Amino acid sequence: MTKDDNNINYANDDEHNEIVGAMSVFLDNCQPKVGIFWYDINENNLFGIEKIDADKAVFVNGKATVGKLHKTYWQKQHHRAVQKKDVTSIFYNEHNYTMIPRGRIFLDEKDGKFYVYVGHWLADGIDGHQIDINNFREVLADEFNLPDDFEFVIDYHWDIGHGWSEELL
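All figures in this text were calculated on a predicted structure; none of them were measured in a lab. (Residues numbered from 1 in each chain as written. Predicted model: local features only at pLDDT ≥ 70, side-chain atom pairs only at ≥ 80, totals over all residues. Heavy atoms only, no water.)

A. Examining the packing of aromatic side chains more closely. Applying the stated criterion across every chain, the model contains 15 aromatic pairs. Measuring from centroid to centroid gives 6.2 Å for Phe37 and Phe136, while their planes differ by 65 degrees, and the two rings are edge-to-face. Placement of the pair is Phe37 in strand β3 (residues 33-40) and Phe136 in helix α5 (residues 133-144), with a sequence separation of 99 residues. A residue is classified by how much of its surface remains accessible, and Phe37, at 0% relative accessible area, is buried. Residue classification places Phe136 among the buried residues on the basis of a relative accessible area of 0%. When the centroid spacing of 6.3 Å and the interplanar angle of 25 degrees are considered together, the rings of Trp38 and Phe47 count as stacked. A cation over an aromatic ring shows up here: Lys63 above the ring of Tyr115, its NZ or CZ 6.0 Å from the ring centre. (Phe/Tyr/Trp six-rings, centres within 6.5 Å; stacked < 30°, edge-to-face > 60°. Helix = DSSP H or I, 4+ residues; strand = E, 2+ residues; numbered from the N terminus. Buried < 20%, exposed > 50% of the residue type's maximum accessible area, 1.4 Å probe, protein only. Lys NZ or Arg CZ within 6 Å of the ring centre and 35° of its normal.)

B. Just the pattern of salt bridges, in detail. Per the counting criterion, the structure on display carries 6 salt bridges. Measuring nitrogen to oxygen at the nearest pair gives 2.6 Å for the salt bridge that ties Asp53 to Lys33. On the criterion of sequence distance, the pair formed by Asp53 in strand β4 (residues 45-53) and Lys33 in strand β3 is long-range, its members being 20 residues apart. A salt bridge links Lys113 to Glu151; the nearest nitrogen and oxygen atoms lie 2.3 Å apart. Here Glu151 lies in strand β9 (residues 151-154) and Lys113 lies in the loop between β7 (102-108) and β8 (114-118), a separation of 38 residues in the sequence. (Salt bridge = Lys/Arg side-chain N within 4 Å of Asp/Glu carboxyl O.)

C. Region of the structure containing a nonpolar patch on the surface. The grouping of Ile19, Val20 and Met23 at the surface amounts to a nonpolar patch, some 270 Å² of accessible area in total. Relative to the assigned elements, Ile19 resides in helix α1 (residues 13-23). (Patch = residues over 30% accessible without salt bridge, like charges linked within 9 Å, V, L, I, M, F, W, Y side chains within 5 Å. Areas by Shrake-Rupley, 256 points an atom, 1.4 Å probe, with all protein chains shown as cover.)

D. Geometry of the nonpolar core. With 24 residues, the main nonpolar core has Phe37, Ile105, Val116, Phe136 and Leu140 as its most contacted residues. Broken down by secondary-structure element, the contributors of at least two residues to this core are β3, β7, β8, α4 (121-124) and α5. Setting aside residues no more than four positions away along its own chain, Val116 makes contact with Phe37, Arg104, Ile105, Leu140, Leu146, Phe150, Glu151, Phe152 and Val153. In this structure, Trp38, Trp74, Ala81 and Tyr97 belong to the second largest nonpolar core, which totals 10 residues. (Core = buried A, V, L, I, M, F, W, Y, C linked by side-chain atoms within 4.5 Å. Contact = heavy atoms within 4.5 Å.)

Just geometry here; none of it tells us what the structure is for.
If you want it as C-alpha cells, here you go:
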C-alpha cells in the first residue's frame, strides 16, 4: 500500500486482488433459499428479508426454513428504528408485524418442492387492491432463487392481523 501527501492510501495489485477475493464469498451462489419476507403491494417489492441456502436449513416436521420468526425480526427492527428516531421507517411506525402482508418459504423434505406460505391476502387482495400473482411470483423467484415449480399455500397464520398473538388462545 502506498500513501500520498494527503494521507490517502492506494492499494497495489496484490492488495486489490486480496480484498476482491475476500468479498467474493458474499456473491450470490444462485442456490435456492428459504426464509421470511414482508410484501409491499404498492411497490411489488419484498422487504425485511431473512434467508439462507435451502441446503443449509434444518428440517423440522418434514419442512426446512430459516430459523427466524417474523415476530422477533420485526421487534428488533422496531427497536432499532426507535433508537435512531427514524420516524420514516415502517418498523418505527407500525408496531404490529402482522399488519403487513408477509410470508415464509419452506422446502418440503418429501417432495423436494418449495412452498411459499402466505395469508388470504394473496387471493383476496388488500384494501381493494388485487395482487398480480405473476409479478409477485417473479419477485419471489428472483429474491430467493426459487425454481419455477414453487407453489403458494394460503394459511390463516399469515393473514393480516394473525400470527403468534393467538398462540395462547
